[in-house]
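Each chain is listed here by its residues.
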Amino acid sequence: MAERRATHTRQNTDSVSGIQIISQECNGQLSPKPLSATELDSVNHQDLETGEPLRSRFKTTCDRFLRRGKTPVGVIQSIKKIYGCSWLNLLLLLTPVAWWAHFDENMVDYHTAVFSLCFLTIIPHECLFDYCGEQMALYCGKDLGDLITITLNNAVEVTLAIILLLKCELKLLQSTITGVVLLHLLLVPGAAFLTGGARIWEQDLHPAHTQLNHTLLTVGVLALLLPASFYAAISGSTSSGISANGELSDLGSSTQTDFLTMSRGLAVLLLLIYICSRIFYHNPPGAGNNSLTHSLTPAQLKAYEAKLQEEEPDVNQWVCIGALIINIAVVAVTSEWLVDSIEPVRHVSNITEEWFGLVLIPFVSFSADGAVAAGYFLQKASRRVWSKTKDPEPPNTLAKAEAIDLSIQFVLLWMPVLTLLGWCTGKPFNLLFDFFEVALLLGACFLVNFVTADSKTNWAEGFILLSFYAMMVLCTWYYTGESDVSSLLLCPGQPTTDA
């Protein structure tokens, strides 16, 4: 019996030896017919939907970016379009005023004036980043364009974060990181879901993209839970112990070194996770596969990509890049002066450092989008009231959840970059956040993942996200921080400050 089984197994093995069985998904069924090597090679060089030969993705992207065979956009026209893209650009006139106020120290309420002017000046620059990102998407396609738009939308917050790091305002930096992530997880998508779903039963999200985002967001928040839980476990047996001049005791210095080493290792791993996720998203396995060829991709996303291919950009790509460089430089200088005025304004206003970082500073990035959205909403509302038709424009079936991608990028890319940059510049920035801040991030992560679990949203879920953000703002107003955790973020010789 055993000999017959061995012979039968050997025969079955020989019958399939040398044949490459390729399972193809077609209408939910697997193809039973194996492909030969020649047929397999032809499939790999053809589009799976149209059967047309595949071009090099890099060459296609280059042709699209350089607009080969098309008339380039003029320089003068591009400049007019960039600085005329929004009524908020009128606030750009405050830029020289804010710079003049910084150098005029004899001004009444000097620090308050500088902070207010710099705060208002940054708002139109955020609007310029948004517009330039949208224009670059026309040159790069939806997938790469989305990455560029997300990165540019984070530009103001990243610039502020780098300035805070270099100024050694590390506790305020941690609070700002938490606040930026919470704002883009709760406030921005909550407002989008609320307004977008007001005239429709539910709106759609890309299922595959949403599932990946759930995992990325969760691992980013859990990475912050690890140092916090580790500190909670050892806090009963160790103390950071700081002297009057801000110097750590030997035990506190050892603890700081441990968390710095731990944080830098976590930063490298988070960076690898983000890089791998972008590779998977922009170049998924399989010939011709991308986010638009997925079987569950909403039809409106495909229509949006077709619109990008047909729509002509208003701005020359090189002028757009030059405007972005200038914009980043102006924001960097203005942000530095904004950060210099934070501490005096905070003491005068009696606002805690945590509320300043968790709520006020992140709101700079939302001010531009919020003002534009408010103006757009008022325009649409007035049009519906005064228009003769009952429904002048059909509702959008696609939910706007790009802000969640901003949060994921900030946690998995920019937070690790700031940690490694602190290592290079000698700043003891670590990923040991206050447990209260970690709890806020965990709650926001759970709520957002739960709301988007079915890849659909409605206005009620948008209101829930906004309500939880309001709860967070209310509780943060009374929070003064953990002094022991803050002491591990002190630069050498930096004195302690009272919240």
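Residues numbered from 1 in each chain as written. Predicted model: local features only at pLDDT ≥ 70, side-chain atom pairs only at ≥ 80, totals over all residues. Heavy atoms only, no water.

Visitor: Help me understand the pattern of salt bridges, please; the structure alone is not making it clear to me.
Guide: Note on pairing: side chains with opposite charge can pair once their charged atoms come close. Within the structure shown, the criterion is met by seven salt bridges. In this structure, the salt-bridge partner of Glu-336 is Lys-167, at a minimum N-O distance of 3.4 Å. Taken as a pair, Glu-336 in helix 12 (residues 317-340) and Lys-167 in the loop between helix 7 (155-166) and helix 8 (170-196) lie far apart in primary sequence, 169 residues in all. Put simply, Arg-346 and Glu-343 hold a salt bridge, and the shortest N to O gap is 2.8 Å. (Salt bridge = Lys/Arg side-chain N within 4 Å of Asp/Glu carboxyl O. Helix = DSSP H or I, 4+ residues; strand = E, 2+ residues; numbered from the N terminus.)

Visitor: Could you clarify how one ought to interpret empty space enclosed by the protein in this entry?
Guide: Any empty space left between the atoms is revealed when a probe the size of a water molecule rolls over them. This structure, assessed with the given rule, holds one cavity of 30 Å³ or more. Elements that contribute at least two residues to the lining of the largest cavity include exactly helix 9 (207-234), helix 10 (250-282) and helix 16 (402-425). The residue inventory of the lining of the largest cavity, partitioned by class, reads six nonpolar, three polar and two charged. (1 Å grid on protein atoms, 1.4 Å probe; cavity = no way out; pocket = protein on both sides within 12 Å on 5 of 7 lines; lining within 4 Å. Points joined across faces, edges and corners; volume = space filled by probe spheres on them. Nonpolar A, V, L, I, M, F, W, Y, C, P; charged D, E, K, R; others polar.)

Visitor: It is not clear to me how the state of the cysteines should be interpreted in this structure. Could you clarify?
Guide: In a disulfide, the sulfur atoms of two cysteines are held together by a covalent bond. In the structure shown here, the tally under the stated rule is one disulfide. Disulfide pairing places Cys-168 opposite Cys-491 at an S-S distance of 1.3 Å. When the S-S torsion is 70°, as for the bridge of Cys-168 with Cys-491, the disulfide is right-handed. In this pair, Cys-168 is assigned in the loop between helix 7 and helix 8 and Cys-491 in the segment after helix 19 (483-487), connecting sequence segments 323 residues apart. With respect to class, Cys-168 is no different from Cys-491; both count as buried. (Disulfide = S-S within 2.5 Å. Buried < 20%, exposed > 50% of the residue type's maximum accessible area, 1.4 Å probe, protein only.)

Visitor: Explanation requested: the side chain of Thr-121 in the structure shown.
Guide: Tracing the backbone shows Thr-121 in helix 6 (residues 110-153). Within polar-contact distance, the side chain of Thr-121 engages the backbone oxygen of Leu-117 at 2.7 Å. Setting aside anything within four residues of it in sequence, one finds Thr-121 in contact with Leu-94, Thr-95, Ala-98 and Thr-334. (Polar contact = N/O pair within 3.5 Å; in protein donor to acceptor, adjacent residues only side chain to side chain. Contact = heavy atoms within 4.5 Å.)

Visitor: Can you help me understand the confidence of the model for the protein in this one?
Guide: Detailed conclusions should not be drawn from predicted coordinates in areas where pLDDT is low. Of the residues in the protein, 73% have a pLDDT of 70 or more, and the chain-wide mean is 79. Predicted confidence in the protein is weakest over strand 1 (residues 25-26), with a mean pLDDT of 40, and strongest over helix 17 (residues 435-451), with 95. Under a pLDDT of 50 for its full length, residues 37-54 has, in the predicted model, 23 contacts with residues more than four places off or in other chains. Confidence over residues 242-246 falls short of pLDDT 50; this stretch has 11 contacts with residues more than four positions distant or in other chains. (pLDDT = per-residue confidence, 0-100.)

Visitor: Please clarify how the packing of aromatic side chains should be interpreted in this entry.
Guide: Each aromatic ring pair is described using two quantities: the centre-to-centre distance and the angle formed by the ring planes. Going through the model one piece at a time under the given rule, you end up with nine aromatic pairs. Pairing Trp-99 with Trp-337 gives two aromatic rings, centres 5.5 Å apart and planes at 85°, and the pair type is edge-to-face. Of this pair, Trp-99 sits in helix 5 (residues 94-103) while Trp-337 sits in helix 12, and the two are 238 residues apart along the sequence. Residue classification places Trp-337 among the buried positions, given a relative accessible area of 10%. On the numbers, 5.1 Å between centres and 90° between planes, the contact of Trp-355 with Trp-477 is edge-to-face. In this pair, Trp-355 is assigned in helix 14 (residues 353-360) and Trp-477 in helix 18 (residues 459-477), connecting sequence segments 122 residues apart. Residue classification places Trp-355 among the buried positions, given a relative accessible area of 15%. Among the aromatic side chains, those forming a connected cluster through ring pairs are Trp-99, Phe-103 and Trp-337. (Phe/Tyr/Trp six-rings, centres within 6.5 Å; stacked < 30°, edge-to-face > 60°.)

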